Amino acid sequence: MVSLKLFSFSLGAQALEGDVLRPYVNATYSYDDNLRRMYDKGSDSSDRMWMVGAGIILDKSISRQKIYVDLGVNETKFDRNSDFNNTGKDLNARWDWVVGNRWKGKIDLGHKEAMVPFAEFRGTTLNLRTNDRRVFDAIYSFHPRWRARVGLGRYETKYDGIGQSIGNLIETAQEFQVDYVTPHRGHIGLVYRHVNGDRPVRQNIAGMLVDNSYDQDEYKLNAEWQITGKTGLQFLGGLVQRTHDEFTQRDFNGFNARMNVNHLLTGKTKLNLSAWREINAQSFVTSTFTLNKGVKLGSDTMLTGKTSLRGSLQYQRIEFDGDVLFESYREDTLKTATLGLVYQAMPALSLNGTLNYTKRDSSRQFTGFNSTSVALTAQYEF
């Protein structure tokens, strides 16, 4: 499917008490005035889309073990751009496990097949992207105030579009973390993470085949702190070092961080402020990595017992540092505003309307765009 969640708030199924298996259906109608994210937006740039989906949720607790599986499939059809009609698939499975009084962790599996967003790919043919993840986490509490965590992960991204295969990526990651747990159940700890990124398809640059594989080491501080009864802080940041198998001029050595602040403004309004400075290897196939710097402010207000109003403003600067050796330097700024209304008509039925505006300015000619979209979504859980 086209990434309709760019246009609307993600609408999770509403749990019905006592249900273990919960089938659901959903439908989304969207209108976008610049579907392909073109620089020159004309009267024929708009399109309407219908997405219908169905799935089933397994939500089961066995003693202290918790198992959750969400398996869904969807079909998206476009009014004008019927060549992009597609079928999407989504699987999320998680086992939160506990052994004894000191061991706990998770096994997390995911599989997603979806159309690549037009902001990343403006081709004239359908381009699907498949994402797979396999994650194992184990936490050992060796003291009431101290714990250690080991994590293993494998993440794979694969494109089926012509010329996009150079973006295929297989990442394997190993993590080790030690935390001090505060009396208020917050924590502060140190994390070491090593990532090996394998690019199985070499990039052809002026007849030269370049291997874009890399190794990355991260040394970070991880903290979660309840500052007051209404304000909480999360922080993950530190030194990141990336070395490429070829052309070390593209290596990265710098500070990465992400911070989230959650604040309960009133009994009905929540605010969230996020800020980040991170390198990213997966968003664009035109660069081996980008350096993303941004800030986002979001709010969620309960208007009534069944209706909530959600909004967000986001600003992000994207620096395409991974290709500075071969191409003219590119830098984008991305501004997004979103407003959504969610109505819980019944415990099993959710209705959602969203308005979204996005503007991208770029130092590369004809790469910028602006778009306005609206989406209406309904989801029913049996």
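Everything discussed here concerns the structure shown above.
Residues numbered from 1 in each chain as written. Predicted model: local features only at pLDDT ≥ 70, side-chain atom pairs only at ≥ 80, totals over all residues. Heavy atoms only, no water.

*Asks:* Any chance you could explain the overall build of the protein chain here in plain terms?
*Replies:* On a plain count of helices and strands, the protein chain comes out with 0 helices and 20 strands. Compactness check: the protein chain gives a C-alpha radius of gyration of 22 Å against a globular reference of 21 Å for 382 residues, within 12% of the reference. Oriented by its inertia axes, the alpha-carbon framework of the protein chain measures out at about 60 × 50 × 35 Å. Excluding contacts between residues fewer than 6 apart, the proportion of contacts in the protein chain whose partners are at least 24 apart in sequence is 55%. Within the structure as shown, the protein chain displays about 19700 Å² of accessible surface, and the carbon and sulfur contribution to it stands at 59%. Of the charged side chains in the protein chain, 48 are positive and 43 negative, and the gap between their average positions amounts to 6 Å. (Helix = DSSP H or I, 4+ residues; strand = E, 2+ residues; numbered from the N terminus. Rg over C-alpha atoms; globule rule 2.2 N^0.38 Å. Contact = heavy atoms within 4.5 Å. Areas by Shrake-Rupley, 256 points an atom, 1.4 Å probe, with all protein chains shown as cover. Lys, Arg positive; Asp, Glu negative; His and termini not counted. Charge placed at Lys NZ, Arg CZ, Asp CG, Glu CD.)

*Asks:* Hey, could you run me through unusual backbone geometry in this one?
*Replies:* Generally, phi is negative for residues other than glycine and the peptide bonds are trans, each holding for most cases. Unusually for a residue other than glycine, Arg-185 sits at a positive phi of about 70°. For Arg-185, the position within the fold is in the loop between β8 (169-181) and β9 (187-198). For Arg-185, a relative accessible area of 60% puts it in the exposed group. One non-glycine residue, Phe-247, adopts positive backbone phi at about 60°. Checked against the element boundaries, Phe-247 lands in the loop between β13 (231-244) and β14 (252-264). (Buried < 20%, exposed > 50% of the residue type's maximum accessible area, 1.4 Å probe, protein only.)

*Asks:* Explain the packing of aromatic side chains here, please?
*Replies:* Applying the stated criterion across every chain yields a total of 11 aromatic pairs. Put simply, the rings of Phe-78, Phe-84 and Phe-118 touch in pairs and so form one group of aromatic residues. The ring of Tyr-214 is capped by Arg-242, whose NZ or CZ atom sits 3.9 Å from the centre of that ring. (Phe/Tyr/Trp six-rings, centres within 6.5 Å; stacked < 30°, edge-to-face > 60°. Lys NZ or Arg CZ within 6 Å of the ring centre and 35° of its normal.)

*Asks:* What is the right way to look at the side chain of Glu-171 in this model?
*Replies:* Relative to the assigned elements, Glu-171 resides in strand β8. Buried charge without a partner: Glu-171 forms no salt bridge, and the closest opposite charge is Arg-242, 4.7 Å away. Only 2.4 Å separates the side chain of Glu-171 from the side chain of Tyr-214, close enough to count as a polar contact. (Salt bridge = Lys/Arg side-chain N within 4 Å of Asp/Glu carboxyl O. Polar contact = N/O pair within 3.5 Å; in protein donor to acceptor, adjacent residues only side chain to side chain.)

*Asks:* What is the right way to look at the pairing of strand β3 (residues 65-78) in this model?
*Replies:* A regular strand carries its side chains on alternate faces of the sheet. In this sheet, β3 lies alongside strand β2 (residues 47-62) in antiparallel orientation, the contact comprising 14 bridges. If you follow Ile-62 over to β3, its bridge partner there is Gln-65. With antiparallel pairing between neighbouring strands as the criterion, β2 and β3 make up a hairpin whose turn holds 2 residues, including Ser-63 at a positive phi of roughly 55°. Judged from the 11 bridges that link them, β3 and strand β4 (residues 86-99) form a sheet pairing that is antiparallel. Directly across from Asp-70, in β4, lies its bridge partner Asn-92. (Pairing = 2+ DSSP bridges.)

*Asks:* Sorry, what's going on with the pattern of salt bridges here?
*Replies:* Here the idea is simple: oppositely charged side chains can pair when their charged atoms come close. Scanning the entire structure with this criterion turns up 25 salt bridges. Linking Lys-220 and Glu-218 is a salt bridge whose minimum nitrogen-to-oxygen distance equals 3.4 Å. Here Lys-359 makes a salt bridge to Asp-361, at a shortest N to O gap of 2.6 Å. Linked through salt bridges whose partners overlap, the residues forming this network are Asp-137, Arg-149, Glu-175, Arg-193, Glu-218 and Lys-220.

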